[in-house]
Amino acid sequence: MDFTYDDEQLALREAVRGLLATTYADHDSRRRTVAEDPGFDRALWGRLAEMGVLGLPFSEEHGGVGAGPVEIGIVCRELGRVLAPEPYLASVVHAGGLVAAVGTPAQKADLLGRLSAGELVLAAAGTAPGTGRASGAAGVRASVSGDAWTLDGVADPVVGGESADVLVVTAALPDDAGTGVFLVESGAAAVTGYAAADLTRAASVRFDASDATPLGEPGRDLRASVATIADLTRIMGANQALGVMESQVRATTDYLKSRKQFGVTLNTFQALTFRAADMYVSLELATSVVDWATMTIAGGDRHAVADAADRAGLQVSRAGRHIGQEAIQLHGGIGMTAEYAVGVGTAHLEVLDQWLGNGLHHLSRLSARVTDHDLVEALS
Amino acid sequence: MQLELSAEDAAFREEMRTFFTTEVSQQIRDTVLEGRHLTKDQIVESQQVLNAAGLAVPHWPVEWGGKDWTDLQRHLWHEEMQRAGVPIPLAFNASMIGPVIAQFGSQAQKERFLPATANLDIWWSQGFSEPDAGSDLASLRTSAVRDGDDWVVNGQKTWTTLGQHGDWIFTLVRTDPEVKKQAGISMLLIDMTTPGVEVRPIELIDGGHEVNEVWFSDVRVPGDLLVGEPGQGWTIAKFLLGNERVGVAPVGATKRALATLKTTAADQLDDPLVRARVAELENDLLALELTALRVVAHSAGGEPHPASSVLKLRGTELQQAVSELALDLAGPASLAARAGDDSPQEGWARRSAPTYLNLRKASIYGGSNEVQRQIISRTILGL
Ligand SMILES: Cc1cc2nc3c(=O)[nH]c(=O)nc-3n(C[C@H](O)[C@H](O)[C@H](O)COP(=O)(O)OP(=O)(O)OC[C@H]3O[C@@H](n4cnc5c(N)ncnc54)[C@H](O)[C@@H]3O)c2cc1C
């Protein structure tokens, strides 16, 4: 049992941190980036590809790097620290994850190679990982005639959908045969983009007899794989949220040390320092569960991963509410402004949470399983 | 980063689990698991079983019965013990005065006290707090004045846990009123049968007799019972309280208590609100346990990980939260708190209100939770 990064992981963290700092040295650069299309920095996306970050989760034979969950978690955490709007979770972790999980060898080699190289942006459409209908694909239906497949229906929100070249769509199979996953060229669907509360981009996607290619074996029910990739995405989203919260706790303590009122710095007031201490407690506890959940992925048991996703999701959701709210409160008015990172971080935490699974969702799933075990085992 | 225990640690855990569940009497373990009070004899018996196997004081120096384990092994020992319902070795002996004597005591003190302390042949009490010296412990006033080779002690200690069983008490006393308050404190070991020592019970809100006042009137203490040097008491106290904090986050016991509650109140688990509260507590306890593991894995070199304050703070909050849930699940049955054993109400329900009330102590002692927040905000956040 070991909760520390090895030297290579530390080097990866420094490299990603360094690269992100060139684009998002301050919150202003993030504000400028999200204000313009496509809502993230294409040049940075290209450099992430060159560094191997976009190919991190995929095997070398498909053009990736073949790194493990801990490495992907490190990247997500760094993205979170600077509130990076790049669609890493949506494109690489979620949509890329679906391709890697269910695609045919040819599909994987084609799509994952180009995704890793930064030549292709993917988005996952059809369901949000965190809704109760996570693997049900209620909004989009697939039809087949001969071996030509088409899709109908609406998927919304599709995070990163506006800039995607190819949509990876989960849809209900004909005759209640379960859930399929399909590839749709973005031109074959009507994509209407919008900004979420944190100014990252999502889209409403309408399919109207849109041409679709089955991902993997046509007609197979892929519900279990879809759910597992949603769980993995949840855990990586929790890593990203941790990065946001780390920055918020740091910004808040710095602010308490520098902001003066009544002729003294705010850290003179114990009412405030105690609240900062409680924020730190929430951050440490959430870090422990997210690290644990990330390591659980390596074990490869999909039920264990589902459980870990719920546990990390709930913990991070609670911590995000606590830290996100207190970060604004302890900053006072400045925390409310769009030009200041702290409050935007709180918006980002909510977007991650509502997209990937909020506290209510995970608590309800965990509650259903409460009588399945005597104790929750931390170490197997 | 890796989750699995090494084969060696997994085997170690298995060995502990087997020992605790087979060598310590079932009756004692059931008493703990059901949240009933242990008698003094049960506490002594259990510690002696552990000590005979070399498992009572593994964190002491090897020459005095310690084990030279890794921090992780010590953690596993502690968790498995709680999980099995084995009483933790008496903290005053095993975690407080033992390590102090081993570190600061004279050779004669070590030989005289350490074996008897490990085996609970001597029951120690902790005489630190006074009516006017709580969180601000250094303002204590109980005085010790030199008279020939002896010290003559006058004053009052309070909140002395289980002082009614105490054979000896380790005290902080003021030996020099002239210097800065911390510098004038010394540690004296006092035989509680010495003339002039009086123990008076304090009744707590749960009706129990758990703490006492201890009064000292012209108590004569031989000079060789001062630990370390005169004036070194505050340094020793900080060393001792640092060890105390690590022991007061009873993760395993709280997990066990929640699991037991799921069985005893099984019929109420159909209610989704009850299930949600259990699920939330289980997740919070998981977070706490994993944080404890992170702290253990990082504490190499003896320096406690800064997050150990998190463990005390959160550990006691969760211990209290589980007791709140038990009380809520007991509902009206909890009114039978002081009913006799012929009560038709179940034992766990009858104990739930006193337990809830009793556990309010957890966020007050061992460095109150406000003191823990102070430590976090000052030493970790630099505020
Ligand atoms: C059941 C029980 C058993 C105990 N057993 C023992 C024992 O065996 N031996 C022994 O020596 N002592 C024992 N204690 C005493 C315990 O260590 C003290 O109660 C503790 O140090 C707090 O002191 P106090 O009760 O005087 O509260 P105070 O120090 O008067 O504190 C009152 C309140 O103010 C808060 N507070 C104090 N200072 C600050 C500050 N600077 N900033 C913010 N908040 C502050 C406290 O957290 C608390 O909430 C026991 C206590 C209890 C309740």
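Rules and cut-offs
Residues numbered from 1 in each chain as written. Chains lettered and ligands numbered in written order. Predicted model: local features only at pLDDT ≥ 70, side-chain atom pairs only at ≥ 80, totals over all residues. Heavy atoms only, no water. UniProt positions renumbered as here; feature names shortened; annotations may be inferred. Helix = DSSP H or I, 4+ residues; strand = E, 2+ residues; numbered from the N terminus. Pairing = 2+ DSSP bridges. Phe/Tyr/Trp six-rings, centres within 6.5 Å; stacked < 30°, edge-to-face > 60°. Buried < 20%, exposed > 50% of the residue type's maximum accessible area, 1.4 Å probe, protein only. Lys NZ or Arg CZ within 6 Å of the ring centre and 35° of its normal. Salt bridge = Lys/Arg side-chain N within 4 Å of Asp/Glu carboxyl O. Near = heavy atom within 4 Å. Polar contact = N/O pair within 3.5 Å; in protein donor to acceptor, adjacent residues only side chain to side chain. Areas by Shrake-Rupley, 256 points an atom, 1.4 Å probe, with all protein chains shown as cover. Domains from an automatic or database assignment. Contact = heavy atoms within 4.5 Å. Buried area = accessible area lost by both parts, 1.4 Å probe. Nonpolar A, V, L, I, M, F, W, Y, C, P; charged D, E, K, R; others polar.

Novice: Mind showing me how you'd approach the UniProt feature "domain: Acyl-CoA dehydrogenase/oxidase N-terminal" (unreviewed entry) in chain A here?
Specialist: With numbering aligned to this structure, UniProt lists the feature "domain: Acyl-CoA dehydrogenase/oxidase N-terminal" (unreviewed entry) at residues 7-119 of chain A. The span residues 7-119 of chain A shows a helical share of 66% and a strand share of 0%, and its end C-alpha atoms are spaced 30 Å apart.

Novice: What should I look at first to understand the UniProt feature "domain: Acyl-CoA oxidase/dehydrogenase middle" (unreviewed entry) in chain B in this one?
Specialist: Feature annotation in UniProt places "domain: Acyl-CoA oxidase/dehydrogenase middle" (unreviewed entry) on residues 127-218 of chain B, given in this structure's numbering. From the first C-alpha to the last, residues 127-218 of chain B spans 16 Å; its make-up is 0% helix and 53% strand.

Novice: Is there a simple way to think about the pairing of strand 3 (residues 148-159) of chain A in this case?
Specialist: Side-chain positions along a regular strand alternate between the two faces of the sheet. All names here are of chain A. Two elements, strand 2 (residues 140-145) and strand 3, share six bridges in a ladder whose sense is antiparallel. Pairing of Val140 across the sheet is with Gly153, part of strand 3. In this structure, the hairpin formed by strand 2 and strand 3 is closed by a connection of two residues, where Gly146 is found at a positive phi of approximately 65 degrees. Of the pairings in the sheet, the one linking strand 3 to strand 7 (residues 201-214) comprises eight bridges and is antiparallel in character. Each bridged residue has a counterpart across the sheet, and for Leu151 the counterpart in strand 7 is Ser210.

Novice: Sorry, what's going on with the packing of aromatic side chains here?
Specialist: Centre-to-centre distance and the angle between the planes together describe a pair of aromatic rings. Residue and element names in this part refer to chain B. By the definition in use, this model includes twelve aromatic pairs over all chains. Relative to Phe20, the ring of Phe19 lies with its centre 5.9 Å away and its plane at 80 degrees, an arrangement referred to as edge-to-face. Among the residues examined, Phe19 registers a relative accessible area of 17% and is labelled buried. The class for Phe20 is buried, based on a relative accessible area of 0%. An aromatic cluster is built from Phe113, Trp124, Phe128, Trp168 and Phe170, whose rings are joined through pairwise contacts. Across from the ring centre of Trp215, 4.2 Å away, lies the NZ or CZ of Arg200, which sits over that ring.

Novice: In this structure, what is going on with the pattern of salt bridges? I would like to understand it.
Specialist: A side chain of one charge can pair with a side chain of the opposite charge when the charged atoms of the two come close. For the structure on display, the rule yields 40 salt bridges over all chains. Here A:Asp278 and B:Arg373 are joined by a salt bridge, their closest N and O atoms 2.8 Å apart. Taken together, the residues span two chains, with A:Asp278 in helix 8 (residues 270-299) and B:Arg373 in helix 12 (residues 369-380). Classification of A:Asp278 as partly exposed rests on a relative accessible area of 22%. One salt-bridge network, held together by shared partners, links A:Asp231, A:Asp307, A:Asp310, A:Arg311, A:Arg365 and A:Arg369.

Novice: When you look at the site of the ligand in this model, what are you seeing that I'm missing?
Specialist: The environment of the ligand is made up of 18 residues, and the closest members are B:Ser135, B:Trp159, B:Thr161, B:Ser368 and B:Glu370. Residues close to the ligand are split across chains A and B. Between the ligand and B:Ser135 there is a distance of 2.7 Å, counted from an oxygen atom to a side-chain nitrogen or oxygen. Separating an oxygen atom of the ligand from a side-chain N or O atom of B:Ser368 is a distance of 2.6 Å. For the ligand, the protein covers 67% of the area, taking 960 Å² as the surface of the free molecule.

Novice: Help me understand the domain arrangement of chain A, please; the structure alone is not making it clear to me.
Specialist: Often, the extent of an interface is quoted as the loss of accessible area upon association of its parts. Residue and element names in this part refer to chain A. Annotation of chain A at the domain level lists domain 1 (7-120), domain 2 (123-221) and domain 3 (224-372). Distance from the C-alpha centre of domain 1 to the C-alpha centre of domain 2: 22 Å. Taken together, the contact pairs 22 residues of domain 1 with 20 residues of domain 2. Here domain 1 packs against domain 2, burying approximately 1600 Å² in sum over the two surfaces, 65% of which is carbon and sulfur. Taken together, the connections running from domain 1 to domain 2 amount to one salt bridge. Across the pair Arg201 and Asp37 runs a salt bridge, and its minimum N-O distance is 2.8 Å. On the surface where domain 1 and domain 2 come into contact, there are seven residue pairs in polar contact (both at pLDDT 80 or more). Tallying contributions element by element places helix 5 (residues 88-102) first for the side of domain 1 that touches domain 2, with six residues. Looking at side-chain class alone, the side of domain 1 that touches domain 2 contains twelve nonpolar, five polar and five charged residues.

Novice: Got a minute to help me understand unusual backbone geometry in this structure?
Specialist: With glycine set apart, most residues show a phi of negative sign, and most peptide bonds adopt trans. A cis geometry characterises the amide bond from A:Asp37 onward to A:Pro38, with omega recorded as 5 degrees. Within the secondary structure, A:Pro38 is located in the loop between helix 2 (27-35) and helix 3 (42-50). Of note, the bond from A:Asp156 into A:Pro157 is cis; its omega dihedral lies within 30 degrees of zero at 5 degrees. One can find A:Pro157 in strand 3. A positive phi angle, close to 65 degrees, is found at B:Trp159, a residue other than glycine. Within the fold, B:Trp159 resides in strand 3 (residues 150-161). The phi dihedral of B:Asp218 falls on the positive side, at around 45 degrees, and the residue is not glycine. Locating B:Asp218 in the fold gives a position in strand 7 (residues 209-222).

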